[in-house]
Amino acid sequence: MTLLRDHDLAHAFDHASRSYDRLTALNPGHRAELYRSARRLQLPGGGAGLHVLDLGCGTGASTRALLRAAPLARITAVDASAGMLDRARSKPWPARVRFAHAAAEDLPAAGTGPYDAVFAAYLFRNVTDPDAVLAAVREVLRPSGRLAVHEYSLTGRAGHRAVWEAVSRCVIVPAGTLTGDRDLYRHLCDSVPAFDTAPVFADRLRRAGFTSVRTAPVAGWQTGIVHTFTARNGSGLPRAAR
C-alpha cells in the first residue's frame, strides 16, 4: 500500500479538481451527511458573531454544509490544493465566506484566526502527521472552541471493512480510473483502512488536549465507515505532554 502525501497529494487533488464534484455526487447522502456533521457543531444563533474555519475545504461541499448549518457565521475555508480552491472560489458565495491557500499544519502561520469553531471533513487521514495538525487546530481555536471532524474512520469490525473494500474495488477506483485520476482514488481507498479506527481517533483527540470528545456514526451505507467526532478545545497541555 503506497499512500500519497504532502506535495504529491496536493498535486493529485489539483488534477482531479475538474471532475471531483461529479464523482462525489455518485455517493448517496454525501452532502446530507456533511450537513449533519456541520450541525453537530451546535453553533448558537445561526453562528452570528462567530468565525468558523472549514479546514480542508476541497471544492466547497463542506463549506456549503457549514453555511447551511451556520448561515450567519463568518467562514474561512482553507485547502492545500490550489486546484480544488479554484473550483470552490468559482461558485457563488456570500461576502462572509472567504478562501485561503494553506496546508493544515501551517494554520498558525497563515494568520487567519482565531476561530470559534473548526470543521474538518475528509482531512485527517490525508495528512502526514495528524497530531501536528491537531496541535495547529488547538493553537488557532479559541479556548473551549468547538471542533467537528467528519472522516472515514472504520469501527474495526470486519464487516464494515469488507463493505468499504467492495465499494472501493467496484465503484471508486474504476470511476477514478475513467477520469485519469486512478492514483488519487487508489490512495483515497487505501487511506481508510490505514487510518485510525473510530475509537483510536477519539483517543487521539483526547491525547491532543481536546475535551468532551464524542463519536457519532453517519447514516446509510456508510454506517460504521464514516463518523463525526465532536470535541472542545480544552485548557492546559495535551495528555502526552503532562
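As a reminder, the structure under discussion sits directly above these lines.
Let us look at the structure shown here.

Scoring rules and cut-offs
- Residues numbered from 1 in each chain as written.
- Predicted model: local features only at pLDDT ≥ 70, side-chain atom pairs only at ≥ 80, totals over all residues.
- Heavy atoms only, no water.
- 1 Å grid on protein atoms, 1.4 Å probe; cavity = no way out; pocket = protein on both sides within 12 Å on 5 of 7 lines; lining within 4 Å.
- Points joined across faces, edges and corners; volume = space filled by probe spheres on them.
- Nonpolar A, V, L, I, M, F, W, Y, C, P; charged D, E, K, R; others polar.
- Helix = DSSP H or I, 4+ residues; strand = E, 2+ residues; numbered from the N terminus.
- Disulfide = S-S within 2.5 Å.
- Phe/Tyr/Trp six-rings, centres within 6.5 Å; stacked < 30°, edge-to-face > 60°.
- Buried < 20%, exposed > 50% of the residue type's maximum accessible area, 1.4 Å probe, protein only.
- Pairing = 2+ DSSP bridges.
- Axes fitted to C-alpha atoms, helices over the stretch in contact; angles between N-to-C directions.
- Contact = heavy atoms within 4.5 Å.

1. With respect to the layout of surface pockets
Okay, step 1: Here the largest pocket defines a volume of roughly 950 Å³.
Okay, step 2: For the lining of the largest pocket, the class distribution of residues is 31 nonpolar, 11 polar and 5 charged.
Okay, step 3: Around the second largest pocket, the lining residues are R40, L41, Q42, R146, L147, S212, T230, A231 and R232.
Okay, step 4: Secondary-structure elements contributing two or more residues to the lining of the second largest pocket are β5 (141-152) and β7 (226-233).
Okay, step 5: It is β7 that provides the largest number of residues to the lining of the second largest pocket, a total of 3 residues.
Okay, step 6: In the lining of the second largest pocket, the residues fall into 3 nonpolar, 3 polar and 3 charged.

2. With respect to the state of the cysteines
Okay, step 1: What the rule picks out here adds up to 0 disulfides.
Okay, step 2: In this structure C189 is a free cysteine whose sulfur lies 11 Å from that of C170, the closest cysteine sulfur available.

3. Points about the packing of aromatic side chains
Aromatic ring pairs are described here by two measures, namely the spacing of the ring centres and the angle between the planes.
Okay, step 1: Summed over the entire model, instances satisfying the criterion amount to 7 aromatic pairs.
Okay, step 2: Seen in terms of ring centroids, W93 and F99 are 5.5 Å apart; in terms of plane orientation they differ by 65°. Their pairing is edge-to-face. One exposure class covers both W93 and F99, and it is buried.
Okay, step 3: Relative to F229, the ring of F201 has its centre 4.8 Å away and its plane inclined at 70°; by these criteria the two rings are edge-to-face. Taken together, the residues span a long stretch of sequence, with F201 in helix α9 (residues 198-207) and F229 in strand β7 at a distance of 28 residues.
Okay, step 4: Assessed through its relative accessible area of 0%, F229 is described here as buried.

4. Observations concerning the sheet that holds strand β1 (residues 51-55)
Pairing between the strands of a sheet comes from backbone hydrogen bonds, and it takes one of two forms, parallel or antiparallel.
Okay, step 1: Taken together, the 7 strands give an open sheet; going across it, the order is β3-β2-β1-β4-β5-β7-β6, and neighbouring strands pair in mixed fashion. Looking along the sheet, the strands with just one partner apiece sit at the ends: β3 (97-101) and β6 (210-217). Neighbour to neighbour, the strand axes of the sheet diverge by 15° on average, direction disregarded.
Okay, step 2: The pairing of strand β2 (residues 74-79) with β3 spans 5 bridges and is parallel. By the bridge assignment, T76 is partnered in β3 with R98.
Okay, step 3: On the sheet, helix α3 (residues 61-69) packs against β1, β2, β3 and β4 (115-121) and is oriented at approximately 155° with respect to β1.
Okay, step 4: Along the sheet face, helix α4 (residues 82-89) touches β2 and β3 and points at about 165° away from the line of β3.

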